[in-house]
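Residue-level structural notes
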Amino acid sequence: MTFVKYMLSNERPESLRDIILPRDADGYYPSPADWRDEVLYFLLPDRFSDGNEHNRPLLRQHPSEVRPHNWNWQDWFNSGSGCWQGGKINGIRTKLDYLNDLGITAIWIGPIFKQRNLSGTYHGYGIQDFLDVDPRFGTREDLVWLVYEAHKKGIRIILDIIFNHSGANWDYLIDGNIVSEPDYLDSPYKYKDIAWRNNWEQPIDGISGKGDGVWPRELQDKDCYTRAGKGDLGAGEIEETTAQHKRTDFFSFRDFDTTNNQVLTFLAECYKYWIALTDCDGFRIDTLKHVSLEEARDFCGSIKEYAVKLGKHDFFLVGEVAGGDYNANRYLDVLTHNLNAALDIGEMRSVLCDVARGLTDPQAYFNGFSWNDVMGSHRKIGNRHVSILNDHDHVWGEKLRFSSHASSLHQVIVGVALQLFTLGIPCIYYGTEQALSGPEESERVWIPYWGNSDVYLREAMFGPEHPLDEGDNGNLKNDLPGFGPYGTSGYHCFDQEHPVFKRIASLNEIRKIYPSLRYGRQYLRPFSILDSPFEYHGAGEIIPWARVLDDEETLCIVNSSGSETRGGDVMVDAGLSNYKMTVVANTEQAADPQNYRGVYPVGAQVDVCWKDGVAYVPIRDLPPSEVIVLTNYPR
Ligand SMILES: [Ca+2]
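So, here is what we can say about the structure in this document.

Reading guide: rules and limits
- Residues numbered from 1 in each chain as written.
- Predicted model: local features only at pLDDT ≥ 70, side-chain atom pairs only at ≥ 80, totals over all residues.
- Heavy atoms only, no water.
- Core = buried A, V, L, I, M, F, W, Y, C linked by side-chain atoms within 4.5 Å.
- Buried < 20%, exposed > 50% of the residue type's maximum accessible area, 1.4 Å probe, protein only.
- Helix = DSSP H or I, 4+ residues; strand = E, 2+ residues; numbered from the N terminus.
- Domains from an automatic or database assignment.
- Contact = heavy atoms within 4.5 Å.
- Pairing = 2+ DSSP bridges.
- Donors = N, O, S within 2.8 Å, 3.2 Å for Na, K, Ca; no water.
- Axes fitted to C-alpha atoms, helices over the stretch in contact; angles between N-to-C directions.
- 1 Å grid on protein atoms, 1.4 Å probe; cavity = no way out; pocket = protein on both sides within 12 Å on 5 of 7 lines; lining within 4 Å.
- Points joined across faces, edges and corners; volume = space filled by probe spheres on them.
- Nonpolar A, V, L, I, M, F, W, Y, C, P; charged D, E, K, R; others polar.

Counting 158 residues, the largest nonpolar core has Phe3, Tyr41, Ile107, Tyr271, Phe283, Phe299 and Val386 as the members making the most contacts within it. No other element matches helix H9 (residues 261-278), which puts 12 residues into this core. The residue makeup of this core includes at least three contributed by each of domain 1 (165-257) and domain 2 (515-631). What Phe3 contacts, discounting residues up to four positions off in sequence, is Ile19, Ile20, Leu21, Pro22, Tyr28, Tyr273, Ala276 and Leu277. One finds Val570, Val572, Tyr596 and Ile628 within the second-largest nonpolar core, a separate group that totals 20 residues.

Shown next, in the form of structure tokens:
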């Protein structure tokens, strides 16, 4: 790893010419055999951990008991929407055991690249220096160390990258005036002049300091940018290379002119450097819809090929393609093996939430895997999409986490079970395991834009006392509270005894053991209630589905009712499961093993019965929002 040593013993490179990328696999961590074996965990580095939780109490009380008398909801909102909270790369490193215990095998970290000094882009999507880590997150060394330690525990790291746009590193110069977001110009027109911003957001003639304009040098040419102004992010046809949604700036983030082959090459070189430097295992690619299909294929192919040289034969590339399943599928079709998967952030995400809440017929979800779905039969057998229940954006649907109006603390486990045990690569959004939900219902009338702002999807799990002051000097903004969990500050919520944490951990454990749960064919199962015929049932009942791999049949059953026990006689495959099935997971028991008194403890056998020529297992009294899993070949 002489490359890493050399790079870290010098300042971050100013130019791509200062980088001689390694050419062989020596010491690099190989790709997994199959990404369906992985369980992803998506976190925003600013909002996850600062590594100082040991100096802060764990929130065990009701949130109202820990808020000071002068608590002000507007201040809490302002902190979360405008300020960096102080999460660190080293904080993530201190939580590797926590994530390992949860059963996570890969962490997708929101962008860690250097942002503009005075900007509020704590989410990381406005890059100023493509070859450096933002000092608020830590250093390049910290990142290298994190990947190294994660690999030692068998956890992979996926970095979040952006090659559609840069941060707001310059403004338009129109008739001598500085303009940030001018009207959109259709192809082939573009604005002529720009003015770079310095570290304090003032216009400058030339770039010299690290905080000025953009880095590396290769991107300091105005012809690297489309310069078409601010257009409509949805306008134009998905296929069209010069559509408005491809050429527009992303608000004040500056669109790269990816029709310029050299620009695409520069950006690919930047990200190859991060693979070589950190030994990461994959990239989540932001705003892929805003790059043309052909350019996206060129970029992804180039990254994939370089990773192969480092012995990473299946470097994971997952694209954020907004606008629904049709768009996502177009990118998967055109990019083929150059793109592993798309994030399931379109129609399926809201369907998944509604089915898990018992509000929508489960067939609405399971039909998404059928032969005539736009995503293709069995969603192309599960390795072409990453399933999402919650994320930091909620491009579709209300901007609240699942648990914000859950009927119980643990209702979210139904959604997570559907993610873990249906075809696809599951991704758990940070805080799901703590049922993050924002403040209690009685307080929500006081809260600005409740349900309409993505800030409520981004609470800081580590619960800082105060956010960071403006700029990267490390000072605190003492007049605002930290944007802590459940509308608090000064309390963290890394609770391994949390009822959702324990439930998710128990399900991940069997996902690792049973290959049918990762690769098996998938069938929603009919069931009979009180001697009615076997049929599919609507919302709010149990949802049974089987995963079948060769002769292994694993039967997953969730109760989608949030308030009542449910049951039924569930059809099984008479050829595979003709004698007994064994319980291998039970979430109610996992949450409180000592006090479990139900009839389906792990290890219990359930007789396969027969009625009207149908083989079934009788399931009775499954409590609200609980999960049990049975199999014909227990291990
Ligand atoms: Ca673009």
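Moving on, there is more to tell.
Now for the pairing of strand E17 (residues 521-524). Of the two faces of E17, the one lined by Gln522 and Leu524 is fully buried and the one lined by Arg521 and Tyr523 carries no buried residue. Bridge count for E17 against strand E19 (residues 542-549) is four bridges, and the pairing is antiparallel. Directly across from Gln522, in E19, lies its bridge partner Arg547.

With that out of the way, let us pick up the sheet that holds strand E10 (residues 203-204). Strand order in the open sheet formed by four strands is E8-E7-E9-E10, and the pairing between neighbours is antiparallel. With partners counted over all chains shown, the strands left at the sheet margins are strand E8 (177-179) and E10, one partner each. Where strand E9 (residues 193-197) and E10 come together, two bridges link them in antiparallel fashion. Directly across from Trp196, in E10, lies its bridge partner Ile204.

Below, the discussion takes up the coordination of the calcium ion. Six octahedral donors at a metal ideally form angles of 90 or 180 degrees, and four tetrahedral donors ideally form angles of 109.5 degrees. Every protein donor of the calcium ion is accounted for by Asn164 (OD1), Lys246 (O), Asp255 (OD), Asp255 (OD) and His290 (O), and the metal-donor separations fall at 2.3 to 3.1 Å. Mapped onto the sequence, the residues coordinating the calcium ion show the spacing N-x81-K-x8-D-x34-H. Of this pair, Asp255 sits in strand E11 (residues 254-255) while His290 is found in the loop between strand E12 (282-285) and helix H10 (293-309), placing the two residues 35 residues apart along the sequence. His290 shares its class with Asp255; the two are buried.

Spatially, the eight strands close up into a barrel ordered E1-E2-E5-E12-E13-E14-E15-E16, and their pairing is parallel. Direction aside, neighbouring strands of the sheet carry axes that sit 25° apart on average. Across three bridges, strand E1 (residues 40-43) lies against strand E16 (residues 425-429) in parallel orientation. Across the sheet, residue Tyr41 finds its bridge partner in E16, namely Ile428.

This paragraph deals with the layout of surface pockets. The computed volume of the largest pocket comes to approximately 670 Å³. Lining the largest pocket are 25 residues, and of these Phe250, Asp393, Val395, Asp454 and Arg458 sit closest to its centre. For the lining of the largest pocket, the class distribution of residues is eight nonpolar, 10 polar and seven charged. In this model, the second largest pocket occupies a volume close to 490 Å³. Lining of the second largest pocket is provided by 23 residues; of these, Pro63, Leu409, Ala435, Ser437 and Tyr486 occupy positions nearest its centre.

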